[in-house]
Each structure stands twice: as C-alpha cells, then as structure tokens.
Amino acid sequence: MSLLSPTKPEPIPASGTASGTASPGGPATADAPDATPASPTPRLLAALREDLHVVVARDPSVRGAKEAVLHPALTALWAHRVAHRMHRRGLRIPARLLARWARRVTAVEIHPGAVLGRRVFIDHGAGVVIGETAVVGDDVTMYHQVTLGAVGWWSDNKRPEGDRRHPVVGSGVVLGANSTVLGPVTVGDRAVIGAQALVNKDVPGGARVLAPTAVIKEPGRRPELMEDVFTIIASAGSW
C-alpha cells in the first residue's frame, strides 16, 4: 500500500490479530496483538500539511507553522513522503538518493519502502532508523534514536522472498528515546515503549514496555554485587 498513491490501497501486512489472522511471516496465532493499519493518504499535499500541523501540536518548543518548517524531523518526513511514492512507482534509485539526502541533512534514516501513516511525529529526530518493511500507523510519536529494525542478515537472508523483516507499529503508539524494536513483531495500538527498552516480541495494545532505570548509590554505600550484575545485564540490551 502506498500512502500517497491515488489508486486503491493494498492490504497492509500485519503479524496477526487476536482473531487468528494469518501472518505473512509465519502461521496464524490466536493471541497476537491488534494493530490498526496505517491509513492511506490520497494526496501528497494533504499529508505534508498534516505533518506540519502535528509538529505545532506536539512540540511545545514550536510556536507556530513558520517555526515548525525548521523542525529537522519534518524535513525527513516530507522527504520520505515523496521518496515512498517514487519507490512504489518503481523509481527505486531516485527514491534512495532522496532518502540518502534526507539522512545527511536530518540524521533520520527512513527506507523509501517503509509505510508511514498519517500524523506521525518524530521529536528531535537524530538517530532514528526505520527499515524497509516497517509499517507505522497513524498518530505515532517517536523520539530520538528510535530503531525499527531487523534482527540481522544472518537470519533475514533465510526468510522467504517477500516476508516482513521489520516491525508493524499500531496507531497511537509512543516510542521513547533510544527504544529499539527488532524483527517482524507487532506493537499494538496505544502501546508505550519506554526509553532504552528493547522489544523483540509482540506487544499487546495499550501495554507499557519499560526498561530498568538507573540505580542511585548513596555516598559512602558500597555496591551490592548481585544487584549491580542484574542492572548491567538489563541495560546491555539497549544496543
């Protein structure tokens, strides 16, 4: 499905629903979370206008539309809207060139094949990576250093042609700073992925995924070995 194509949208791939819908990356499951597919946007200008208004609405440091135009992540989103349309029309090389330019300018890397819904907001933007087969629903908010990635070529090269390698993120999801979602998993609608969290399994709609927070040691208190070991192990997952 192209968000920008005027033609009838194609079905959005998903990793399964609670009713047991079949997944393109595997068999049907009875307990996979629901994720609302991204809505098609029939006109490019309408999508760009919504992106601009979302920056004003969700970034308290932005005072109006003129200032929002200078938001770095907005440049990345606008470039992706155009690159995705080119990609769907078979202009893969020009689409990749545009995506590369956007990455150089904004430090946001979105593959032209990724599907982004309406009113997606990327705050700050630096270090955000969204892979080719990722699907991001409507009204999603993500902060800097978010990764919607694959698990690695050693696994993905064994997948059948056309299988999804990247996450499906439902509508209304919030992805905290430096959170990482890997593989063909599904994040259900209105879930919150906390800062530094590593996700490699399906997340039910409305769930909260939280990474361990820092342990504060009072002055003069000696560290407790086992407590520190578990803290280090938990934090090592945010790569």
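What counts and how
- Residues numbered from 1 in each chain as written.
- Predicted model: local features only at pLDDT ≥ 70, side-chain atom pairs only at ≥ 80, totals over all residues.
- Heavy atoms only, no water.
- Helix = DSSP H or I, 4+ residues; strand = E, 2+ residues; numbered from the N terminus.
- Contact = heavy atoms within 4.5 Å.
- Areas by Shrake-Rupley, 256 points an atom, 1.4 Å probe, with all protein chains shown as cover.
- Buried < 20%, exposed > 50% of the residue type's maximum accessible area, 1.4 Å probe, protein only.
- Lys, Arg positive; Asp, Glu negative; His and termini not counted.
- Salt bridge = Lys/Arg side-chain N within 4 Å of Asp/Glu carboxyl O.
- Polar contact = N/O pair within 3.5 Å; in protein donor to acceptor, adjacent residues only side chain to side chain.
- pLDDT = per-residue confidence, 0-100.
- Pairing = 2+ DSSP bridges.
- Phe/Tyr/Trp six-rings, centres within 6.5 Å; stacked < 30°, edge-to-face > 60°.
- Axes fitted to C-alpha atoms, helices over the stretch in contact; angles between N-to-C directions.
- Parallel < 35°, antiparallel > 145°, perpendicular 65-115°, else oblique.
- Left-handed = near helix turned anticlockwise from the far one by under 90°.
- Nonpolar A, V, L, I, M, F, W, Y, C, P; charged D, E, K, R; others polar.

Draft legend 1. Representation of the overall build of the protein within the structure. What the protein contains, in helices and strands, is six helices and 14 strands. Residue pairs in contact within the protein that sit at least 24 positions apart in sequence constitute 46% of those at least 6 positions apart. Of the roughly 12800 Å² of accessible surface on the protein, 59% is carried by carbon and sulfur atoms.

Draft legend 2. Highlighting the side chain of Asp59. Within the secondary structure, Asp59 is located in the loop between helix H1 (44–58) and helix H2 (65–68). Of the side chains with opposite charge, Arg63 lies nearest to the buried Asp59, which makes no salt bridge, at 6.9 Å. Side-chain polar atoms of Asp59 contact the side chain of Ser61, separated by 2.6 Å.

Draft legend 3. Fine view of the environment of His84. Looking at the secondary structure, you find His84 in helix H3 (residues 72–88). For the pair His84 and Gly113, spaced 29 residues apart in sequence, the C-alpha to C-alpha distance is 5.9 Å. Of the polar contacts made by the side chain of His84, one reaches the backbone oxygen of Pro112; its length is 2.8 Å.

Draft legend 4. Representation of the confidence of the model for the protein in the model. Predicted confidence across the protein gives a mean pLDDT of 81, with 78% of residues reaching 70 or more. No element of the protein has a lower mean pLDDT than helix H6 (residues 225–235), at 54, and none a higher one than strand S4 (residues 129–130), at 97. In this model residues 1–30 is a low-confidence stretch, pLDDT under 50, and it forms 74 contacts with partners more than four residues away in sequence or in other chains. Confidence drops under a pLDDT of 50 for residues 235–239, and excluding neighbours within four residues, the segment shows seven contacts in the predicted structure.

Draft legend 5. Structural view of the sheet that holds strand S7 (residues 147–149). If you walk across this open sheet you meet the five strands as S1-S4-S7-S10-S13, and the pairing is parallel. Two strands bound the open sheet, and with one partner strand each, they are strand S1 (109–110) and strand S13 (198–199). Sheet analysis places strand S10 (residues 180–182) next to S13, joined by two bridges and oriented parallel. Among the inter-strand pairings, Val181 is bridged to a residue of S13, identified as Val199.

Draft legend 6. Up close: unusual backbone geometry. A positive phi is found at Arg190, a non-glycine position, where the angle reads about 65°. Residue position: Arg190 is located in the loop between strand S11 (186–187) and strand S12 (192–193). Look at Arg190 and you get exposed, because its relative accessible area is 56%. Its identity as a non-glycine residue notwithstanding, Gln196 has a phi of 70°, on the positive side. For Gln196, the location among the structural elements is in the loop between S12 and S13.

Draft legend 7. Broad picture of the packing of aromatic side chains. Summed over the entire model, instances satisfying the criterion amount to one aromatic pair. Aromatic pair Trp153 and Trp154: ring centres 5.7 Å apart, planes at 75°, arrangement edge-to-face.

Draft legend 8. The arrangement of the packing of H1 against H3 in detail. Two numbers describe how H1 lies on H3: the axes approach to 10 Å, and their chain directions differ by 160°. For the element pair H1 / H3, the angle class is roughly antiparallel. For the element pair H1 and H3, the recorded crossing hand is right-handed. In contact with Leu44, Ala47, Leu48, Asp51, Leu52 and Val55 of H1, H3 contributes Leu74, Leu77, Trp78, Arg81, Val82 and Arg85. For the contact of H1 with H3, the class distribution of residues is nine nonpolar, no polar and three charged.

Draft legend 9. Spotlight on the pattern of salt bridges. Within the structure shown, the criterion is met by eight salt bridges. Across the salt bridge formed by Glu50 and Arg118, the nearest N and O atoms sit 2.4 Å from each other. Of this pair, Glu50 sits in helix H1 while Arg118 sits in the loop between strand S2 (115–116) and strand S3 (121–122), placing them 68 residues apart in sequence. A salt bridge links Asp139 to Arg58, with the nearest nitrogen and oxygen atoms 3.4 Å apart. Placement of Asp139 in the loop between strand S5 (135–136) and strand S6 (141–142) and of Arg58 in helix H1 is noted, with a sequence separation of 81 residues between them. Take Asp139: its relative accessible area is 29%, and that puts it in the partly exposed class. Its relative accessible area of 26% is what places Arg58 among the partly exposed residues. The structure contains a network of salt bridges with shared partners spanning Glu50, Arg58, Arg118, Arg119 and Asp139.

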